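Residue-level structural notes
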Amino acid sequence: MATGRTDPERRENIITSALDLIAEEGVAGTSHRKVAARAGVPLGSMTYHFADMDELLREAFTRFTSSIVTVFEERLGAATTPGQAREAVADLIHHLSSGNQRELVLTHELYTLAARKPTYRELTREWMRRSRRALERHFDPATARQLDALIEGLSIHRALDTEPHERALTLEAIIRITSTGSGPGAQTAARPDA
């Protein structure tokens, strides 16, 4: 049987198990013992890989935020025109709110930690910086900041609403924000393809 020293996948398995537990039971319901049981590893592996629960939570949420940023980068990286960038933002909002309860819960659990603990606040700030950098490929920094907040807010509202709004309304909000900016994607166009 592989030990923590020879099993490079064990640490990743522990992180994945921690995220799954957080999504199911919240941060308050997640412990080293529960994560070890979920990951199928000895409890001693937990302290071998992570000094304490905070270190495990930081690693898990860092992985989670990186996965969301990757979605931002992929969708926005494919856009070559301002209209395509607007469409990519609308796609992001609808993708992030498409019923993935795990992502929704993990986002809220991280926000709750960030509201209470400065180390998690810095993690969320880094997440926002990276998301905005992806948006700034197409929009000036002020517009990217507004779009980042719009993506976050509309994703949450769409995910929790019993009758989420249609994509056309999402695109209309994006056009309103981007038509007033001054960056490369901020054209004063009334059409999404402009």
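This report concerns the structure included in the present document.

Looking at the secondary structure, you find E55 in helix α4 (residues 53-77). Judged by its relative accessible area of 23%, E55 falls in the partly exposed class. The contact partners of E55, leaving out residues within four places of it in the chain, are H49 and F50.

With that settled, the discussion passes to the pattern of salt bridges. Per the counting criterion, the structure on display carries 13 salt bridges. The salt bridge partner of D20 is R102, with a shortest N-O separation of 2.9 Å. Linking D20 in helix α1 (residues 9-25) with R102 in helix α6 (residues 101-116), this pair joins segments that are 82 residues apart in sequence. By relative accessible area, which is 31% here, R102 ends up partly exposed. Within this structure, E122, R125, E126 and R129 form a network of salt bridges that share partners.

This next bit is on the packing of helix α8 (residues 141-160) against helix α9 (residues 167-178). Across the interface, α8 lies against α9 with an axial gap of 10 Å and an inter-helix angle of 160°. With respect to each other, α8 and α9 are oriented roughly antiparallel. Where α8 crosses over α9, the two elements pack in a sense that is right-handed. Across the interface between the two elements, T143, Q146, L147, L150, L154 and R158 from α8 touch T170, A173, I174, I177 and T178 from α9. A breakdown of the residues in the contact of α8 with α9 according to their chemical character gives six nonpolar, four polar and one charged.

So, about the packing of aromatic side chains. Across all of its chains, the model carries two aromatic pairs by this definition. Relative to W127, the ring of F64 has its centre 6.0 Å away and its plane inclined at 75°; by these criteria the two rings are edge-to-face. Here the residue F64 occupies a position in helix α4, and W127 occupies one in helix α7 (residues 118-135), the gap between them amounting to 63 residues. The exposure class of F64 is buried, given its relative accessible area of 3%. The buried category is assigned to W127, whose relative accessible area is 6%. When the ring of Y111 is compared with that of W127, the centres are 6.1 Å apart and the planes differ by 25°; the resulting orientation is stacked. Of this pair, Y111 sits in helix α6 while W127 sits in helix α7, and the two are 16 residues apart along the sequence. One aromatic cluster is present, formed by F64, Y111 and W127 through successive ring pairs.

Here we take up α7. Its 18 residues place the ends of α7 25 Å apart at the C-alpha level, agreeing with the 26 Å of an ideal helix rising 1.5 Å per residue. For α7, every residue scored as buried is listed here: Y120, L123, T124, W127, S131, R132, A134 and L135.

With that settled, the discussion passes to the nonpolar core. Membership of the largest hydrophobic core comes to 52 residues, with the highest contact counts inside it found for L56, F61, F72 and V89. Among the secondary structure elements, those contributing two or more residues to this core are α1, α2 (32-39), α4, α5 (82-96), α6, α7, α8 and α9. Here this core takes 11 residues from α4, the largest share from any one element. Look past the residues within four positions of F61 in its chain and what remains in contact with it is L19, I22, V27, L106, E109, L110, L113 and L123.

What counts, and where the lines are drawn
- Per chain, residues are indexed from 1 in the order of the written sequence.
- The model is predicted, so local features are restricted to residues of pLDDT at least 70 and side-chain atom pairs to those at 80 or more, both for listing and for counting; the totals for chains, interfaces and linings are taken over all residues.
- Hydrogen atoms and water are omitted, and side-chain values are computed over all heavy atoms in the structure.
- Think of it this way: any DSSP run of H or I at least four residues long counts as a helix, any run of E at least two long counts as a strand, and we number them from the N terminus.
- Only protein chains enter the calculation, and the probe is 1.4 Å; a residue is then buried if its accessible area is under 20% of its type maximum, exposed if over 50%, and partly exposed in between.
- The contact rule is simple, with two residues in contact once any of their heavy atoms fall within 4.5 Å.
- Any carboxyl oxygen of Asp or Glu within 4 Å of a side-chain nitrogen of Lys or Arg constitutes a salt bridge here.
- Axes, fitted as lines to C-alpha atoms, cover a helix only where it is in contact. Angles between the N-to-C directions of the axes lie from 0 to 180 degrees.
- An angle below 35 degrees is treated as roughly parallel, one above 145 as roughly antiparallel, one from 65 to 115 as roughly perpendicular, and anything else as oblique.
- We call a crossing left-handed when the near helix sits turned anticlockwise from the far one by less than a right angle, and right-handed when that turn is clockwise.
- Under this grouping Gly is polar, as are all residues other than the nonpolar Ala, Val, Leu, Ile, Met, Phe, Trp, Tyr, Cys and Pro and the charged Asp, Glu, Lys and Arg.
- Aromatic rings from Phe, Tyr and Trp, with only the six-membered ring used for Trp, were paired whenever their centres fell within 6.5 Å, and each pair was classed as stacked if the ring planes differed by under 30 degrees, edge-to-face if by over 60, and tilted otherwise.
- In this analysis, the expected span of each helix is defined as 1.5 Å times one less than the number of residues it contains.
- By nonpolar core is meant a set of buried Ala, Val, Leu, Ile, Met, Phe, Trp, Tyr and Cys residues that side-chain atoms within 4.5 Å join together.

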